Amino acid sequence: QVQLVESGGGLVQPGGSLRLSCAASGSIFSINDMGWYRQAPGKQRELVAGITRGGSTNYADSVKGRFSISRDNAKKTVYLQMNSLKPEDTAVYLCKMFELTTRTDYWGQGTQVTVSS
């Protein structure tokens, strides 16, 4: 059984920073792409940032220059450093990992990020 567990969310003031982590456990061995998504109330889930096994990254236009995604393959963990946070960044943030052998997407449960003064 595979489990992805996110951590690091919380309440932060505008302009502040948070670092999210997502660690995989269980029978997941060959992780290819990793990514962070977010979903705000009443809105569709959107890709925030993605990173390939080789380290290539892509970002939503709304977070470019403010967020940074990274990964530790040995720890089966993906990170999202979020700086200069804005109220519109408020959402549930979910991580996703694509397991190459089984060609399966695995999702975390999500962590709430609230940006408010």
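Chemist: Could you give an account of the nonpolar core, naming the residues involved and the relevant values?
Modeler: Formed by 29 residues in total, the largest nonpolar core has its most connected members in Trp 36, Val 78, Leu 80, Met 82, Tyr 93 and Met 97. Among the elements of the structure, β3 (18-25), β4 (31-39), β5 (46-51), β7 (67-72), β8 (77-82), β9 (91-99) and β11 (111-115) are those that each provide at least two residues to this core. Apart from the residues within four sequence positions on either side, Leu 80 is in contact with Leu 18, Arg 19, Leu 20, Trp 36, Val 48, Ala 49, Phe 67, Ser 68, Ile 69 and Tyr 93.

Chemist: Let's hear about the packing of aromatic side chains: which residues, and what values?
Modeler: Under the counting rule described, the total for this entry stands at one aromatic pair. Across the ring face of Tyr 79, the terminal group of Arg 19 is positioned such that the distance to the ring centre comes to 4.1 Å. The positively charged end of Arg 45 is found above the aromatic ring belonging to Trp 107, 4.6 Å away from the centroid.

Chemist: So what about the pattern of salt bridges? Which residues, and what values?
Modeler: Oppositely charged side chains are able to pair whenever their charged atoms sit close together. As enumerated under the stated definition, the model contains five salt bridges in all. Between Lys 64 and Asp 61 there is a salt bridge; the shortest N-O distance is 3.1 Å. On the basis of relative accessible area, Asp 61 is assigned to the exposed category, the value being 64%.

Chemist: Before we move on, could you go through the pairing of β5 and cite the residues and values that matter?
Modeler: Sheet topology note: the β4/β5 ladder contains five bridges and is antiparallel. Looking across to β5, one finds that Tyr 37 is bridged to Leu 47. In this sheet, strand β6 (residues 57-59) lies alongside β5 in antiparallel orientation, the contact comprising three bridges. Along β6, the bridge assignment pairs Gly 50 with Asn 58. Between β5 and β6, which pair antiparallel and follow one another directly, the connecting turn spans five residues, one of which, Gly 55, has a positive phi of 100°.

Reading the values: the criteria
Residues numbered from 1 in each chain as written. Predicted model: local features only at pLDDT ≥ 70, side-chain atom pairs only at ≥ 80, totals over all residues. Heavy atoms only, no water. Core = buried A, V, L, I, M, F, W, Y, C linked by side-chain atoms within 4.5 Å. Buried < 20%, exposed > 50% of the residue type's maximum accessible area, 1.4 Å probe, protein only. Helix = DSSP H or I, 4+ residues; strand = E, 2+ residues; numbered from the N terminus. Contact = heavy atoms within 4.5 Å. Phe/Tyr/Trp six-rings, centres within 6.5 Å; stacked < 30°, edge-to-face > 60°. Lys NZ or Arg CZ within 6 Å of the ring centre and 35° of its normal. Salt bridge = Lys/Arg side-chain N within 4 Å of Asp/Glu carboxyl O. Pairing = 2+ DSSP bridges.

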